[in-house]
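Spelled out from the first residue to the last, the chains are:
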Amino acid sequence: MITLNPKKLLNSKWTAVQPKHKEKHFLIREVEFNEDGVVVHCLMEAIMTKREFDIDWRDLKNPVHWQTGWH
């Protein structure tokens, strides 16, 4: 498992281990926290296609699907 601090998510770069739709590199564009500091919304953008989608930030901890940085 990847250790991940939710406060450092914004503008972080990610690489999909198994790219789909020719999308491999991603960037976290939005992160919203509630009053308790818990992530309530995380928006990811594909670099090549600019497609945006919501993601559960905890899914990024799984090294089977995601790597930190662009590889």
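The structure this text deals with has already been given above.
Everything numeric here is computed off the predicted structure, so don't read it as measured data.

Q: Before we go on, may I ask you to explain the packing of aromatic side chains in this structure?
A: Geometry of an aromatic ring pair is reported as the spacing of the ring centres plus the angle between the planes. Tallying each qualifying case throughout the model produces 2 aromatic pairs. Their ring planes at 80° and their centres at 5.9 Å tell us that F26 and F53 sit as a pair that is edge-to-face. Placement of F26 in strand β2 (residues 23–33) and of F53 in strand β4 (residues 52–54) is noted, with a sequence separation of 27 residues between them. Looking at F26, the relative accessible area reads 4%, which means it is buried. Judged by its relative accessible area of 21%, F53 falls in the partly exposed class. Three or more aromatic residues joined by ring pairs make a cluster, and in this case those are F26, F53 and W66.

Q: Sorry, what's going on with the sheet that holds strand β5 (residues 66–68) here?
A: In any sheet, the strands associate via hydrogen bonds between backbone groups, in a parallel or an antiparallel arrangement. The 5 strands are arranged β4-β3-β2-β1-β5 in an open sheet whose pairing can be described as antiparallel. Edge positions in the sheet fall to β4 and β5, since each of these pairs with one other strand and no more. Averaged over all neighbouring strand pairs, the angle between strand axes comes to 35°, with direction disregarded. Pairing analysis gives 3 bridges linking strand β3 (residues 39–46) to β4, with the strands arranged antiparallel. Paired with L43 across the two strands is D54, which belongs to β4.

Q: Would you explain the pairing of β3 in this entry?
A: A regular strand places its side chains on the two faces of the sheet in alternate fashion. In terms of residue burial, β3 counts as a mostly covered element, since 6 of its 8 residues are buried. In this structure, β2 lies alongside β3, joined through 7 bridges in antiparallel fashion. In the sheet register, E32 faces β3, and the bridge partner there is H41. Between the antiparallel neighbours β2 and β3 lie 5 residues, among them G37 with a positive phi of about 85°. The antiparallel pairing of β3 with β4 creates a hairpin that spans 5 residues between the two strands, and K50 there sits at a positive phi of about 65°.

Q: Looking at this structure, how should I read the side chain of E45?
A: Along the chain, the position of E45 falls in strand β3. Among the polar contacts listed, one links the side chain of E45 to the side chain of R29, at a separation of 2.8 Å. Not counting chain neighbours up to four residues away, the residues in contact with E45 comprise H25, F26, L27, R29, K50, R51 and E52.

The rules behind these values
- Residues numbered from 1 in each chain as written.
- Predicted model: local features only at pLDDT ≥ 70, side-chain atom pairs only at ≥ 80, totals over all residues.
- Heavy atoms only, no water.
- Phe/Tyr/Trp six-rings, centres within 6.5 Å; stacked < 30°, edge-to-face > 60°.
- Helix = DSSP H or I, 4+ residues; strand = E, 2+ residues; numbered from the N terminus.
- Buried < 20%, exposed > 50% of the residue type's maximum accessible area, 1.4 Å probe, protein only.
- Pairing = 2+ DSSP bridges.
- Axes fitted to C-alpha atoms, helices over the stretch in contact; angles between N-to-C directions.
- Polar contact = N/O pair within 3.5 Å; in protein donor to acceptor, adjacent residues only side chain to side chain.
- Contact = heavy atoms within 4.5 Å.

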